[in-house]
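Spelled out from the first residue to the last, the chains are:
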Amino acid sequence: MIAVRFEPNGRRVEVARGETILAAARQAGVEIAATCGARGRCRSCRVQIISGAAPPATLADRVQLGEAEVREGFRLACQAEVGEALAVLVAPPLEEAAFQILSDTRVVLTAAGFLLDSGVEKVFACPRPAAERPGASSDLEELLSALPDAVTEVPAHALRGLSSALRSPGGVTAALFDGSLVAVEPGDTRQSAYGVAFDIGTTTVVGYLVDLLGGAVVATASNLNPQSAFGADLMSRIAFAGERPSNVRMLQTRITALLNAQLEELGAAAGVHPDHIYKVAVVGNTVMHHLFLGIDPTRVGQAPFAPCVRRSLRLTAREAGLRLGAQAPVFLLPLVAGFVGADAVGAALSLRLDAAARPQIAADIGTNGEVILGSPRGIFACSAPAGPALEGGQLQCGMRGARGAIDQVQIDRDVTYHVIGGGAPLGICGSGVLDAVARLLDAGLLDAAGRLRPDATDAAPDTLRRRIVTSAGGEPAFVLAWGGETAGGQEIVLTQTDIRQVQLAKAAIRSGITLLGRIGGTPEQDLSALMLAGGFGNYLNVRSAVRIGLIPALPRDRISYVGNAAGLGAQMALVSETERRRADDLAARIQHVSLAAHPDFQEAFLDALQFPLPGEPG
């Protein structure tokens, strides 16, 4: 066995010769992100060997890191194999507070326009303790006789504080849900009734604390999904889960721990005790749904991509591992099929796509993209997995939308850019990449096939011509920021491979929009609305998205940002049992379209790979 020490925390572990540094880090409990799923296709697991001989550099090391960093002892942890005792310096992760995560706050009732009927009822009563009654009785019988409605279920945990509550001055409040006694509280607590809606995304997780009496979102919490360390995209996470059964438990534990941390944060922010949270609603894509439940998602990643369960589920907080009252109900909205999950159902619910009088499309543009068409002919949905490229992942200088990321690019006589948080840039995020590609097309430096054109730069000013260079991997690249401008002292570039990744990602989304329109009998130009949902969809520049062909060139007033539509759907299911039941009906009515199996998919995908020429519609 060979010793490996990880700095700066000094943790040590002994591993067998040939184990990767990434595997050693995981054994030691050291967090190293591997957003490409440990395939050597990104820089996220970059480490530096500070003691011992650095493992031989692999081709992936040279392509992703470049010769200069390789000479300085940098390696990709997922590729470097341990051959002798090493000390490894792990790059500190960016603080989560630095990331732009969409967590808009609004009054659910106002946003959705429906009446509140959460199913949570709080009843104040002043029953006498059984000891004060003549004859045989019990404290529970006295309480139930004082309540106006029949209680059909009394879980054991609700009895534990019953006797002391009945003997406290000022009466008691019974919390009820669907005929079940959820809690008995001393005093009059009728004005304190809350629920939490969770949107568990592949990249980010958002929690909303909602006042069930008034429908107001009183606090939000947002974080990066801690499972991202095991792969930025769903297939990478499925592969990790399938390696061994303990990995499923590890992924489940990570998400449960985060949800509990968010519950604590939400309660502290609003001054709400966890015992006053009586209901939880959860949405997420199919893989996130399964991992939250501790279900191995391997079958979801294999044709015919069948989930373990599609129906809506009800658990108790105890069963879900959430630190609330043990019997607080936890609802998971239903799935549609394959990779069209409860998040799509939540979005369709909040956007009222089932009531669309004219054809309209909602597109959640992200790592696990989904496209939903609502029309008089019905509701159709497909998965359009763009992968992490549109969020900055797996690009040579890509990063998520955080402090230090270039998020806007202009190219005229030269390049100008905006950096999130100001200061020198660290990398470029998805919205900046879309801007850069669009501006390169406008400048004639990129052709319709996506090729950087150094031979076409004679007409371009010298300031732009000298920015087309050869990258460390030997391919053309465009320099967005010179080394002297950046925080790390290295050039921030957009390589030919990066552009190919963007093409593949945008083709996945656009072909989904095109084919759903055909299936619904609606040419793209006849869409009454195109609604951009999700985190990335709300930060992209519509002009850039149209220019590269990511979305159709509709009149601007037909394209809108709709925020976290899936999260709003979860909030609606939380505050309204009518809406929660409606979600079940909606999921049953959504017709799933498998893009890969559609006879027109290959043609649509190949067409969508091309960039529109100047003057062509997007």
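Check the entry above for the structure.
Note that the structure is a prediction, hence the values are computed from the model and not measured. (Residues numbered from 1 in each chain as written. Predicted model: local features only at pLDDT ≥ 70, side-chain atom pairs only at ≥ 80, totals over all residues. Heavy atoms only, no water.)

1. Section: empty space enclosed by the protein
Under the counting rule described, the total for this entry stands at three cavities of 30 Å³ or more. Together, Asp-343, Ala-344, Ala-347, Ala-362, Ala-363, Asp-364, Glu-370, Ile-372, Ala-533 and Ala-566 line the second largest cavity. By residue class, the composition of the lining of the second largest cavity is seven nonpolar, no polar and three charged. (1 Å grid on protein atoms, 1.4 Å probe; cavity = no way out; pocket = protein on both sides within 12 Å on 5 of 7 lines; lining within 4 Å. Points joined across faces, edges and corners; volume = space filled by probe spheres on them. Nonpolar A, V, L, I, M, F, W, Y, C, P; charged D, E, K, R; others polar.)

2. Focus on the environment of Ala-174
Of note, Ala-174 is situated in strand S7 (residues 172-177). Assessed through its relative accessible area of 0%, Ala-174 is described here as buried. Here the alpha-carbon distance between Ala-174 and Thr-189, two residues 15 residues apart in the chain, equals 8.9 Å. In this view, Ala-174 contacts Glu-121, Lys-122, Val-123, Leu-147, Leu-181 and Ala-183; residues no more than four positions away in its chain are not counted. (Helix = DSSP H or I, 4+ residues; strand = E, 2+ residues; numbered from the N terminus. Buried < 20%, exposed > 50% of the residue type's maximum accessible area, 1.4 Å probe, protein only. Contact = heavy atoms within 4.5 Å.)

3. Details of the nonpolar core
Counting residues in each nonpolar core, the largest one holds 64 residues, and the members touching the most others are Ile-365, Phe-478, Ile-548, Leu-550 and Ile-551. By size, the runner-up hydrophobic cluster in this structure holds 48 residues, among which are Ala-281, Val-336, Ala-533 and Leu-568. (Core = buried A, V, L, I, M, F, W, Y, C linked by side-chain atoms within 4.5 Å.)

4. Some words on the layout of surface pockets
To find the voids left in a structure, one rolls a probe of water-molecule size over its atoms. Space inside the second largest pocket adds up to approximately 1100 Å³. Along its surface, the second largest pocket is lined by 43 residues, and Met-235, Pro-385, Ala-386, Gly-387 and Ala-508 are the ones closest to its centre. Residue assignment for the lining of the second largest pocket shows that the elements contributing at least two residues are helix H2 (59-71), helix H6 (234-243), helix H13 (496-519) and helix H18 (601-609). A per-element tally of the lining of the second largest pocket places H13 first, with six residues. Its residues placed into classes, the lining of the second largest pocket shows 22 nonpolar, 16 polar and five charged.

5. Here's the deal with the packing of aromatic side chains
Counted under the stated rule, the structure contains four aromatic pairs. Relative to Phe-331, the ring of Phe-177 lies with its centre 5.8 Å away and its plane at 55°, an arrangement referred to as tilted. Placement of the pair is Phe-177 in strand S7 and Phe-331 in strand S14 (residues 329-332), with a sequence separation of 154 residues. The pair formed by Phe-177 and Phe-331 is uniform in burial state, with each residue classed as buried. Look at Phe-305 and Phe-339: their rings are 6.1 Å apart centre to centre, the planes differ by 50°, and that puts the pair in the tilted class. Here Phe-305, found in the loop between helix H8 (286-293) and strand S13 (313-316), pairs with Phe-339, found in the loop between S14 and helix H10 (342-350); they are 34 residues apart in sequence, far enough to count as distant. Positioned above the aromatic ring of Phe-74 is the side chain of Arg-46, whose terminal nitrogen or guanidinium carbon lies 4.1 Å from the ring centre. When the ring centre of Phe-331 is taken as reference, the NZ or CZ atom of Arg-580 above it lies at 3.9 Å. (Phe/Tyr/Trp six-rings, centres within 6.5 Å; stacked < 30°, edge-to-face > 60°. Lys NZ or Arg CZ within 6 Å of the ring centre and 35° of its normal.)

6. Observations regarding the sheet that holds strand S25 (residues 559-561)
The strand order across the open sheet built from six strands is S25-S24-S15-S16-S17-S26, with neighbouring strands paired in mixed fashion. Sheet topology places S25 and strand S26 (590-592) at the edges, where each strand pairs with a single neighbour. Strand after strand, the sheet turns through a mean of 20° between neighbouring axes, direction not considered. With six bridges connecting them, strand S16 (residues 370-375) and strand S17 (residues 378-383) associate as antiparallel partners. What sits directly across from Leu-373, in S17, is Phe-380. Strand contacts of helix H17 (residues 577-589): S17 and S26, with the helix running at about 40° to S26, the strand carrying the most contacts. (Pairing = 2+ DSSP bridges. Axes fitted to C-alpha atoms, helices over the stretch in contact; angles between N-to-C directions.)

7. Some details on the pairing of strand S10 (residues 204-211)
Extensive coverage of S10 is indicated by the burial of seven of its eight residues. The turn linking strand S9 (residues 194-200) back onto S10 is made up of three residues. As paired strands, S10 and strand S11 (residues 217-224) are joined by seven bridges and run antiparallel to one another. In the sheet register, Tyr-208 faces S11, and the bridge partner there is Thr-220. Remark: five residues form the turn of the hairpin made by S10 and S11, two consecutive strands paired antiparallel; Gly-215 in that turn has positive phi of roughly 85°.

8. Quick word on unusual backbone geometry
The phi torsion at Asp-178 lies on the positive side, around 50°, for a residue other than glycine. Here Asp-178 lies in the loop between S7 and strand S8 (180-186). Positive phi is not limited to glycine here, since Arg-352 has a value of about 55°. In this structure Arg-352 comes out as partly exposed when scored by relative accessible area, which is 24%.

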